[in-house]
Amino acid sequence: MIKRFLAVLRARNLEFVRDRSTLGWNLILPVLLVFGLGAVFSNPNSTLFKVGVLHTELKVEDVPHPFIKTKHIEFITITELDPAVTKVARHQLDMVVDFREEFRYWINDDSRNGYVLEKLLNESDPVGSLSREAVTGDAVRYIDWVVPGILGMNMMFSCLFGVGYVVVRYRKNGFLKRLKATPLHAIEFITAQITSRLLLIMAVTVGVYVGTNIFFDFRMEGSYLALLVIAILGAFSMIAMGFVVASRTSSEELAGGLLNIVSWPMMILSGVWFSLEGSTPLIQQIAKIFPLTQMLDGARIIMLDGGGFREVIPQLLVLVVMSIVFLGLGAGMFRWEKG
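Just so it is clear, the model here is predicted, and its values are computed rather than measured.

With respect to the overall build of the chain
Of regular secondary structure, the chain possesses twelve helices and five strands. Taken over 339 residues, the chain has a buried fraction of 44%. Residue pairs in contact within the chain that sit at least 24 positions apart in sequence constitute 76% of those at least 6 positions apart. Summing over all exposed atoms, the chain offers an accessible surface of approximately 18300 Å²; the carbon and sulfur share of this is 63%.

Quick word on the environment of Ser263
Here Ser263 is to be found in helix 9 (residues 252–269). Overall, the relative accessible area of 0% leaves Ser263 in the buried class. In this structure the C-alpha to C-alpha distance between Ser263 and Phe161, which are 102 residues apart in sequence, comes to 9.4 Å. Sequence-distant contacts of Ser263, defined by excluding residues within four places in its chain, comprise Met156, Phe157, Leu160 and Phe161.

A short note on the side chain of Thr293
Locating Thr293 in the fold gives a position in helix 11 (residues 291–305). Within polar-contact distance, the side chain of Thr293 engages the backbone oxygen of Ala287 at 2.6 Å. In contact with Thr293, other than residues within four places in its own chain, are Leu269, Ser270, Ala287 and Lys288.

Brief notes about the packing of helix 7 (residues 186–216) against helix 8 (residues 224–246)
Between helix 7 and helix 8, the least distance of the axes is 9 Å, while the angle of their chain directions is 135°. Classified by the angle between their axes, helix 7 and helix 8 sit oblique to one another. Here helix 7 and helix 8 pass one another in a crossing that is right-handed. Contacts between helix 7 and helix 8 involve Phe189, Ile190, Gln193, Ile194, Arg197, Leu198, Ile201, Met202 and Tyr209 on the former and, on the latter, Tyr224, Leu228, Ala231, Ile232, Ala235, Phe236, Ile239, Ala240 and Phe243. Grouping the amino acids of the contact of helix 7 with helix 8 by side-chain chemistry returns 16 nonpolar, one polar and one charged.

Quick word on the sheet that holds strand 2 (residues 73–78)
Spatially, 2-1-3-4-5 is the arrangement adopted by the five strands of the open sheet, whose pairing is mixed. The open sheet terminates on both sides in strands that have one partner only, identified here as strand 2 and strand 5 (131–134). Averaged over all neighbouring strand pairs, the angle between strand axes comes to 25°, with direction disregarded. In this fold helix 3 (residues 81–89) packs onto strand 1 (49–54), strand 2, strand 3 (95–99) and strand 4 (103–107), with an angle of close to 40° to the strand it touches most, strand 4. Strand contacts of helix 4 (residues 112–124): strand 1, strand 2, strand 3, strand 4 and strand 5, with the helix running at about 160° to strand 4, the strand carrying the most contacts.

Reading the values: the criteria
- Position numbers for residues count from 1 along each chain, tracking the sequence in the order it is written.
- In keeping with the model being predicted, local features are shown solely for residues with a pLDDT of at least 70 and side-chain atom pairs are shown and tallied solely at 80 or more, while totals for entire chains, interfaces and linings include all residues.
- With hydrogens and water set aside, each side-chain value is computed from the structure's full complement of heavy atoms.
- Under the scheme used here, helices are H or I runs from DSSP no shorter than 4 residues and strands are E runs no shorter than 2 residues, and both carry numbers assigned from the N terminus.
- A 1.4 Å probe rolled over the protein chains alone gives each residue an accessible area, and that area as a share of the maximum for its type sets the label: buried under 20%, exposed over 50%, partly exposed in between.
- Here a residue-residue contact requires only that any non-hydrogen atoms of the pair lie within 4.5 Å.
- Residue-level accessible areas treat just the shown protein chains as cover; the underlying method is Shrake-Rupley with a 1.4 Å probe.
- N or O atoms within 3.5 Å of each other form a polar contact, as long as, within protein, one can give a hydrogen and the other can take it, and as long as residues adjacent in sequence are counted only when both atoms are side-chain atoms.
- Lines fitted to C-alpha atoms define the axes here, with helix axes fitted over just the stretch in contact, and angles between the N-to-C directions of these axes take values from 0 to 180 degrees.
- Roughly parallel means an angle under 35 degrees; roughly antiparallel, over 145; roughly perpendicular, 65 to 115; everything else is oblique.
- Rotating anticlockwise by less than a right angle from the far helix to the near helix defines a left-handed crossing, while the corresponding clockwise rotation defines a right-handed one.
- Ten residues, namely Ala, Val, Leu, Ile, Met, Phe, Trp, Tyr, Cys and Pro, are considered nonpolar, four, namely Asp, Glu, Lys and Arg, are considered charged, and the remaining ones, Gly among them, are considered polar.
- When DSSP finds two or more bridges between a pair of strands, those strands are recorded as paired.

Written out as structure tokens, the structure is:
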């Protein structure tokens, strides 16, 4: 029994070591993740809170108020009050302060960070010179803000891994080679696979949303039809992206590494759990290249701001272009047999 075990163990180890692409990717992937996450989160001046300061003639750091000197708070200069207050309601900013003629501050009563900041502000302002303003309208709960991110993240993993692994397995066991002998074209195979996965993902996502909404009563100010369309386009583009990764890969281990390197940046930078408000402009621009970012931005505009098709036209157009590009690349690079 031990000999048989050792024989199988040796065979599997040799198989892994001889698969140079998989071995190399298992070495490269963690290095890329470490450097990538380090570049995003290793800022020595990282902060815990984000506070918007209405524009003054002075630089933010020169405003003569003790609160400005508080450590671990990122103070962001803002020029318009109404969009800034909206960001407080949506948990993109923790507080907005006005140190000009009227000393005021705006806070979301449902924000834990806002509660802590208000305590710090009151400690630094013992004379009570600032008047308190709650955000206008119904405050957006964190669950309302984060639910598009949770559903979007689940869709992302289902789209990428559900398609990528299936196609790679088909190629590995020779199923695609047999399909090649039929009149089926690559674009027809890819489109059928995308449609199947899309129907499944949308059915699951709609079911989860409806079921959890019974308990949490999510905020929904806009059009359900617009939300469904942007979800379909977002899922379609991510499925097509998964096909690009799996179009020429014949190793499941390599496919897993490639799909991870695609999914992790989206999970971190697309605003799933937290807003990128206040991050460097470069990071915000990089985040826009991901279909998940466009889908979540559009979903939050619809759900939280009451937007419709007109308000999410930019996101819809970007997702359509991404879908076409990914679908074209997947079809052009597609390989029926193992290389």
